[in-house]
Amino acid sequence: MKCKVKVGELRDALQMAAITVDRRQGSELGYVHLGSRKGKAGNQRIILNSTDGIGRFLIRVPCEVEETGDLVIEPIRLSSLLDKRQEDEVVVFAKDKTSNRVVARCGSAKVTMVSAGKSATFESNINDFPHTAEPTFLIEAVNLKSLLDRTQAFIFKKDGQEHLKNILIRTTKGGYETLATNREVVARAHAEDKNSPGLNGNGAQVTLVEIPGRALPPLARMLHRNKSGTIRVIVVKNPDGKPASVYFRTEDAFFGTNLTGNKLPAVDVVFQAPKMDTEVVVPRGELLDSITRSNPFCTESNAGRLVSLEVKESIVRLTAQDSFGEFEEEITVAHPATGTGKGTFQVGHLTDIFRSSDDDNILLKLGTVGPADRPSALLMSGDVIGASYVVAAIAIGIR
């Protein structure tokens, strides 16, 4: 193995690959595999790949390859050499033929490494990727990131309820939609996208895949690296036709994860014919700041930390109190509200909703939703890219 690669590109790729390393002591999957290769048409690159048995990463980094070779290491051994280096500095790998070790040099520092794992294990992992498969669907990276950003805070994070730990992706007319819930909040985001296959022949939405919550951190890292371009999404099915895994592919990165088989229930029924008596457009940033200021005064309860919103004419009033003090703040809105109402909500849910959006204003409605007429708030933002949230109220009053 003898090659040269820029620090910035290698460091970023190593951080991505390290996400899907099995960190259990003694695991043969607790390593990252680096392979220097000379491809067709003179393409030269280092391929990094890793797997924890459930998720798997494959990343290609351009480099100058003089001799091909392989190295299987714990990520921290190489990352220590790259730490606090400039992006355009160069790392040089060379094999010490007398000791069968690989020496990596950067500046005046060097590390000597012995392959700690089996190359064959990771070569098998590379072969598991559906390299030649046609994509199930295409989506712009910016849209996929936006859809996940607006819904991933609302998957169920406690023990149990495995069927609520997915984000569902489905088609809309001219775009895509994601759906998630933690039982108290139902989040639905949408984005227009030219790649969408649209509705089916019956005019209905098509569910494309349900992404497990555990796959979101590595997928977010991949989208951070690839902020533009088109993502090729490949759903691999079992012989019986059921989805088994999903892969997200860019020009230089390939991330995949096994699917759980758990199905999100039809929680979006809450968006159908909601009964809303109070409606007002609120400034997102100003209200978020006020909610944040109220947090120290929110009552601790079995339902979480609580804050109240009261809407009357051109005023939105936030109040919170515990046994040690009270908070109150009034926000003046540009246009008077339709109706008058008040609701008490978990402060963390409201904070996550307002942070998930970058819109200037959010439409706030108070009323009831679903077949059971559950007291709730409905918050809506965005147009081409946007989201809707139904937040269950601890108490609500409409006057």
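To start, this report covers the structure provided alongside it.

A look at the nonpolar core
In this structure, Leu34, Leu48, Leu78, Val91, Phe93 and Phe248 are the most contacted members of the largest nonpolar core, which totals 93 residues. Sort the elements by how many residues they give to this core and helix α1 (residues 7-19) lands first, with 6 residues. If sequence neighbours within four positions are ignored, leucine 48 has contacts with Leu10, Ala13, Leu14, Ala17, Val32, His33, Leu34, Phe57, Leu58, Ile59 and Val61. Formed by 12 residues, the second largest nonpolar core is a distinct cluster that contains Phe156, Leu168, Val267 and Val390.

Concerning the packing of aromatic side chains
What the rule picks out here adds up to 7 aromatic pairs. Both rings, one in phenylalanine 129 and one in phenylalanine 254, keep their centres 5.0 Å apart while their planes meet at 50°; by these two values the pair is tilted. Of this pair, phenylalanine 129 sits in the loop between α3 (119-128) and β10 (137-140) while phenylalanine 254 is found in strand β17 (residues 253-258), placing the two residues 125 residues apart along the sequence. We classify phenylalanine 129 as buried; its relative accessible area is 3%. Seen from their ring centres, phenylalanine 297 and phenylalanine 327 are 6.2 Å apart, and the 25° between their planes marks the pair as stacked.

Observations concerning the side chain of threonine 351
Structurally, threonine 351 can be placed in helix α7 (residues 347-356). Its relative accessible area of 11% is what places threonine 351 among the buried residues. In this structure the side chain of threonine 351 is engaged in a polar contact, spanning 2.9 Å, whose partner is the backbone oxygen of valine 347. With sequence-adjacent residues up to four places away left out, threonine 351 is seen in contact with Leu288 and Ile291.

Brief notes about the pairing of strand β9 (residues 109-113)
Direction of pairing for strand β8 (residues 101-106) relative to β9: antiparallel, over a ladder of 5 bridges. Of the residues in β9, the one forming a bridge with alanine 104 is valine 111. Taking the residues that link successive antiparallel strands as the turn, the β8-β9 hairpin has 2 residues, and the phi of glycine 107 there is positive, at about 60°.

Topic: the pattern of salt bridges
With the rule as written, the count across this model stands at 25 salt bridges. In this structure, glutamate 177 engages arginine 170 in a salt bridge whose closest nitrogen and oxygen atoms are separated by 2.7 Å. For arginine 170, a relative accessible area of 10% puts it in the buried group. Note that aspartate 268 is salt-bridged to arginine 170, the shortest N-O span being 2.7 Å. Highlighted residues: aspartate 268 in the loop between β17 and β18 (275-283) and arginine 170 in strand β11 (residues 166-172), separated in sequence by 98 residues. For aspartate 268, a relative accessible area of 15% puts it in the buried group. Residues joined by salt bridges that share partners form a network here, namely Asp12, Arg221, Arg225 and Asp252.

Digging into the side chain of serine 356
Turning to its location among the elements, serine 356 is positioned in helix α7. Judged by relative accessible area, which is 13%, serine 356 ranks as buried. For serine 356, the side chain forms a polar contact with the main-chain oxygen of aspartate 352, separated by 2.6 Å. Not counting residues within four places of it along the chain, the set of residues in contact with serine 356 comprises Asp149, Arg150, Phe154 and Tyr389.

Details of the packing of α1 against helix α5 (residues 216-225)
At a minimum axis separation of 9 Å, α1 and α5 run at an interaxial angle of 160°. On the basis of the axis angle, α1 is roughly antiparallel to α5. With respect to the hand of their crossing, α1 and α5 are arranged in left-handed fashion. Seen from α1, the contacting residues are Glu9, Asp12, Ala13, Gln15, Met16 and Ile19; seen from α5, they are Pro217, Pro218, Arg221, Met222 and Arg225. Residue composition of the contact of α1 with α5, by class: 6 nonpolar, 1 polar and 4 charged.

Topic: the environment of glutamate 326
As for its position among the elements, glutamate 326 is in strand β22 (residues 325-332). Look at glutamate 326 and you get exposed, because its relative accessible area is 62%. Beyond its immediate sequence surroundings of up to four residues, glutamate 326 is in contact with Phe297, Ala320 and Gln321.

Rules and cut-offs
Residues numbered from 1 in each chain as written. Predicted model: local features only at pLDDT ≥ 70, side-chain atom pairs only at ≥ 80, totals over all residues. Heavy atoms only, no water. Core = buried A, V, L, I, M, F, W, Y, C linked by side-chain atoms within 4.5 Å. Buried < 20%, exposed > 50% of the residue type's maximum accessible area, 1.4 Å probe, protein only. Helix = DSSP H or I, 4+ residues; strand = E, 2+ residues; numbered from the N terminus. Contact = heavy atoms within 4.5 Å. Phe/Tyr/Trp six-rings, centres within 6.5 Å; stacked < 30°, edge-to-face > 60°. Polar contact = N/O pair within 3.5 Å; in protein donor to acceptor, adjacent residues only side chain to side chain. Pairing = 2+ DSSP bridges. Salt bridge = Lys/Arg side-chain N within 4 Å of Asp/Glu carboxyl O. Axes fitted to C-alpha atoms, helices over the stretch in contact; angles between N-to-C directions. Parallel < 35°, antiparallel > 145°, perpendicular 65-115°, else oblique. Left-handed = near helix turned anticlockwise from the far one by under 90°. Nonpolar A, V, L, I, M, F, W, Y, C, P; charged D, E, K, R; others polar.

In short, shape yes, function no, at least from these values alone.
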